[in-house]
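Chain and residue survey
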Amino acid sequence: MSSSSSEITTPAIQEIPVPEMKYGEREIQEGKLITFPNPRIGRRYNIDIVLPEFTCKCPFSGYPDFATIYISYIPNEKVVELKALKLYINSYRDRYISHEESANQILDDFVAACDPLEVTVKTDFTPRGNVHTVVEVKHIK
């Protein structure tokens, strides 16, 4: 009887190229709140900002969460730069963070950057699993 040896072949390993980080991804990753001088120090006026495309991930399930962020503030000496705010908000998209913590973290970071006289951050999350969450946090100087 002749025995034939079977040759074991391993499939060729194909390297998948790692895509280069896009410029927008870099800007989001580096995103931080930037301010400029309030053009009307001493005048109390309200600035209302709506950010309708907020995303983050549920820290328990990993499912995506979607929200509209409302920021309403009375500036003191500084005003937030809007493009920087947009990039900062977009930096949450891959973060595992609860609804409550995201609202509080946004408020803390906004206060640290702008030092407003008053600010309210409201996060209105899209319903998931028949639950609709709205978290509102405030700071008054």
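Notes on the structure in this doc start here. (Residues numbered from 1 in each chain as written. Predicted model: local features only at pLDDT ≥ 70, side-chain atom pairs only at ≥ 80, totals over all residues. Heavy atoms only, no water.)

**Some thoughts on the pairing of strand 2 (residues 47-57)**
Regular strands place their side chains on alternate faces of the sheet. Pairing of strand 2 with strand 3 (residues 64-74) involves 9 bridges; the strand directions are antiparallel. Bridged to Val 50 within strand 3 is Tyr 70. Once strand 2 ends, the chain turns through 6 residues before running back antiparallel as strand 3, passing Gly 62 with a positive phi of about 85°. (Pairing = 2+ DSSP bridges. Helix = DSSP H or I, 4+ residues; strand = E, 2+ residues; numbered from the N terminus.)

**Focus: the packing of aromatic side chains**
In the structure shown here, the tally under the stated rule is 4 aromatic pairs. On the basis of an interplanar angle of 85° and a centroid distance of 6.1 Å, the ring pair of Phe 54 and Phe 125 is categorised as edge-to-face. In this pair, Phe 54 sits in strand 2 while Phe 125 sits in strand 5 (residues 118-125), placing the two residues 71 residues apart along the sequence. Comparing Phe 54 with Phe 125 shows no difference in burial state: the two are buried. Seen from their ring centres, Tyr 88 and Tyr 92 are 5.5 Å apart, and the 80° between their planes marks the pair as edge-to-face. The exposure class of Tyr 92 is buried, given its relative accessible area of 0%. Linked through ring pairs, Phe 54, Tyr 88, Tyr 92 and Phe 125 together constitute an aromatic cluster. For the cation-ring pair, Arg 95 lies above Tyr 92, with the distance from its terminal atom to the ring centre recorded as 4.2 Å. For the cation-ring pair, Lys 122 lies above Tyr 70, with the distance from its terminal atom to the ring centre recorded as 5.4 Å. (Phe/Tyr/Trp six-rings, centres within 6.5 Å; stacked < 30°, edge-to-face > 60°. Buried < 20%, exposed > 50% of the residue type's maximum accessible area, 1.4 Å probe, protein only. Lys NZ or Arg CZ within 6 Å of the ring centre and 35° of its normal.)

**Examining the nonpolar core**
In this structure, Phe 54, Ile 71, Tyr 73, Leu 85 and Ile 106 are the most contacted members of the largest nonpolar core, which totals 29 residues. Mapped by element, the contributors of at least two residues to this core are strand 2, strand 3, strand 4 (78-80), helix 2 (82-90), helix 3 (99-114), strand 5 and strand 6 (134-140). Counting residues per element, this core draws most heavily on helix 3, at 7 residues. The contacts of Ile 71, once residues within four sequence positions are left out, are Ile 47, Asp 48, Ile 49, Leu 51, Leu 85, Ile 106, Phe 110, Val 119, Thr 120 and Val 121. (Core = buried A, V, L, I, M, F, W, Y, C linked by side-chain atoms within 4.5 Å. Contact = heavy atoms within 4.5 Å.)

**Things to note about helix 3**
Relative to the 22 Å expected for 16 residues at 1.5 Å per residue, helix 3 spans 23 Å between its end C-alpha atoms, a close match to the ideal helical length. Of the positions making up helix 3, those classed as buried are His 99, Ser 102, Ala 103, Ile 106, Leu 107, Phe 110, Val 111, Ala 113 and Cys 114. (Expected span 1.5 Å × (residues − 1).)

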